[in-house]
Amino acid sequence: MTIITERRLPALIVVTLVALFGFTRASAQTDIENAITYYGDDNIGGFMQPLADLLGADINSGFFHSAAIPAAGFHFSLDLIGMGALVSDDDKFFTAELPSGFAETHADQPTIVGPEAPLITDVSGAQYKGSNGMVDASLFSYGVGQITLGSVMGTEAFFRFIATPELGDGKFPKTSLFGVGVRHNISQYLVEPPLDIAVSFAYNTLSAGEIMDIQGILVGAQGSKTWDTFTFYGGAAWEQSTMKLDYVSVGDDPGPVNIELDGRSSFRVTAGGLLQFGFFRLFADVNVGSVTNFSGGIGFGN
């Protein structure tokens, strides 16, 4: 029977600014990667689904902080953005398939963001314990740097990036993210619009260690209104994210595993505010959908 004992990450995953410059170090497989490889096709989906949901929602966040885009003229900005998705009680457990020979065929086990795994004892005396939860968090967070360039005919482009080292003393693998997107000014086609309006498209790809990749797509519309130094902004978007896992299981069901897990969030509504002081700004927003997510940060530029 599989018995796994794992260390857990701190309550909040902290991404420091040094990660933006690509600091990494060579290491063996991390604790989370080891935990994943103990599961086969039957249980890995349940164990990892919350991470697909939460991290998928995070990487699709924080793209815009205003709908105002100049029709022409050069502008540049650099934003440092943090995102965090709320971890619910439903995210912490899944129904696991027990090994053959147990009287009960299924039992509740912790997911990757759950608590310590209970020891299950069959009537025959056989025992089973799955992986402990690996991330002790009420808010699963991530962070990126984003550069925005424009404007050509009311269109701007943005690029986001980060490379983190292993976190938590070898618990969470090093990650790298690259994202691109465009936004277009719709207000320029309207006569005296009451607010700024824009539409956007964004794509992200994130790699975590050697066995995990996540891709995210977001298509949305935004509106904003500015009063002096304060801007209120909001929007609605369709989104999609997919986690791909490709590894060789060494647990009760050994062999190659290659699966895709779709993030559960498909539509979000955003509301937030921005304070602008010359070339410096602060912003924060909430995103409500199947996953509740927050983003915020600081920016520099015109």
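Small disclaimer: the values here were computed from a predicted structure and weren't measured.

Colleague: What exactly am I supposed to notice about the overall build of the protein here?
Modeller: Helix and strand counts for the protein stand at two helices and 15 strands. In terms of overall size, the protein behaves like a compact globule, its C-alpha atoms giving a radius of gyration of 22 Å where 302 residues would be expected to give roughly 19 Å. Counting only C-alpha atoms and orienting by the principal axes, one finds that the protein spans roughly 75 × 35 × 30 Å. Per-residue burial over the protein gives 51% buried out of 302 residues. Restricting the contact set of the protein to residue pairs at least 6 apart, pairs at least 24 apart contribute 63%. When the accessible surface of the protein is summed, it comes to about 13400 Å², and 62% of that surface belongs to carbon and sulfur atoms. Here the protein holds 14 positive side-chain charges and 32 negative ones, and the gap between their average locations is 8 Å.

Colleague: Any chance you could explain the environment of Val-152 here in plain terms?
Modeller: Along the chain, the position of Val-152 falls in strand E6 (residues 139-152). Residue classification places Val-152 among the exposed residues on the basis of a relative accessible area of 60%. When the C-alpha atoms of Val-152 and Asp-108 are compared, they prove to be 54 Å apart, with 44 residues separating the residues in sequence.

Colleague: Explain the packing of aromatic side chains to me, please; I cannot follow it from the model alone.
Modeller: Within a pair of aromatic rings, the relevant descriptors are the distance that separates the centres and the angle that separates the planes. Tallying each qualifying case throughout the model produces six aromatic pairs. Here Tyr-39 and Phe-94 contribute two aromatic rings whose centre-to-centre distance is 6.5 Å and whose plane-to-plane angle is 80°, an arrangement assigned as edge-to-face. Taken together, the positions of Tyr-39 in the loop between helix H1 (31-37) and helix H2 (44-59) and Phe-94 in strand E2 (residues 93-97) put the pair 55 residues apart, joining distant regions of the chain. Side by side, Tyr-39 and Phe-94 carry an identical accessibility label, which is buried. Both rings, one in Phe-64 and one in Tyr-233, keep their centres 5.6 Å apart while their planes meet at 70°; by these two values the pair is edge-to-face. Linking Phe-64 in the loop between H2 and strand E1 (75-86) with Tyr-233 in strand E11 (residues 230-249), this pair joins segments that are 169 residues apart in sequence. Since its relative accessible area comes to 12%, Phe-64 is described here as buried. Within the aromatic cluster, the residues linked to one another by ring pairs are Tyr-39, Phe-47 and Phe-94.

Colleague: What exactly am I supposed to notice about a nonpolar patch on the surface here?
Modeller: Together, Phe-74, Phe-76, Leu-78, Leu-149, Phe-159 and Phe-178 make up an exposed nonpolar region whose accessible area comes to about 550 Å². Along the chain, the position of Phe-76 falls in strand E1. Judged by its relative accessible area of 34%, Phe-76 is partly exposed.

Colleague: It is not clear to me how the pairing of strand E8 (residues 175-185) should be interpreted in this structure. Could you clarify?
Modeller: Moving residue by residue along a regular strand, the side chains alternate between the two faces of the sheet. The pairing of strand E7 (residues 155-164) with E8 spans ten bridges and is classified as antiparallel. Pairing of Ile-162 across the sheet is with Leu-177, part of E8. Judged from the eleven bridges that link them, E8 and strand E9 (residues 196-208) form a sheet pairing that is antiparallel. Bridge assignment links Phe-178 to a residue of E9, and that residue is Thr-205.

Colleague: Sorry if this is basic, but what is going on with a negative patch on the surface here?
Modeller: A grouping of Asp-41, Asp-42, Glu-97 and Asp-253 is seen on the molecular surface, where their side chains present a negatively charged patch. Its place among the elements puts Glu-97 in strand E2. Its relative accessible area of 38% is what places Glu-97 among the partly exposed residues.

Colleague: Sorry, what's going on with the nonpolar core here?
Modeller: Soluble globular proteins tend to pack their nonpolar side chains together in the buried interior. Of all hydrophobic cores here, the largest spans 52 residues; its most connected members are Ile-44, Phe-47, Met-48, Ile-112, Met-243 and Leu-245. Ranked by the residues each element gives to this core, the list is headed by H2, at nine residues. Once you skip the residues sitting within four places of it in the chain, Leu-245 turns out to touch Ile-44, Met-48, Ile-211, Met-212, Val-257, Asn-258, Ile-259 and Leu-261.

Colleague: What is the right way to look at H2 in this model?
Modeller: Every α-helical turn comprises 3.6 residues, leaving residues that sit three or four positions apart pointing alike. Relative to the 22 Å expected for 16 residues at 1.5 Å per residue, H2 spans 22 Å between its end C-alpha atoms, a close match to the ideal helical length. Where burial is concerned, most of H2 is hidden: 14 out of the 16 residues are buried.

Colleague: Where do I start with the pattern of salt bridges in this structure?
Modeller: Working definition: two side chains of opposite charge can pair if their charged atoms are close together. All chains considered together, the criterion is met by six salt bridges. In this structure, Asp-53 engages Arg-264 in a salt bridge whose closest nitrogen and oxygen atoms are separated by 2.9 Å. Placement of the pair is Asp-53 in helix H2 and Arg-264 in the loop between strand E12 (255-262) and strand E13 (267-277), with a sequence separation of 211 residues. By relative accessible area, Asp-53 is classed as buried at 5%. Several salt bridges converge on common partners, so that one network encompasses Asp-53, Asp-91 and Arg-264.

Analysis parameters
Residues numbered from 1 in each chain as written. Predicted model: local features only at pLDDT ≥ 70, side-chain atom pairs only at ≥ 80, totals over all residues. Heavy atoms only, no water. Helix = DSSP H or I, 4+ residues; strand = E, 2+ residues; numbered from the N terminus. Rg over C-alpha atoms; globule rule 2.2 N^0.38 Å. Buried < 20%, exposed > 50% of the residue type's maximum accessible area, 1.4 Å probe, protein only. Contact = heavy atoms within 4.5 Å. Areas by Shrake-Rupley, 256 points an atom, 1.4 Å probe, with all protein chains shown as cover. Lys, Arg positive; Asp, Glu negative; His and termini not counted. Charge placed at Lys NZ, Arg CZ, Asp CG, Glu CD. Phe/Tyr/Trp six-rings, centres within 6.5 Å; stacked < 30°, edge-to-face > 60°. Patch = residues over 30% accessible without salt bridge, like charges linked within 9 Å, V, L, I, M, F, W, Y side chains within 5 Å. Salt bridge = Lys/Arg side-chain N within 4 Å of Asp/Glu carboxyl O. Pairing = 2+ DSSP bridges. Core = buried A, V, L, I, M, F, W, Y, C linked by side-chain atoms within 4.5 Å. Expected span 1.5 Å × (residues − 1).

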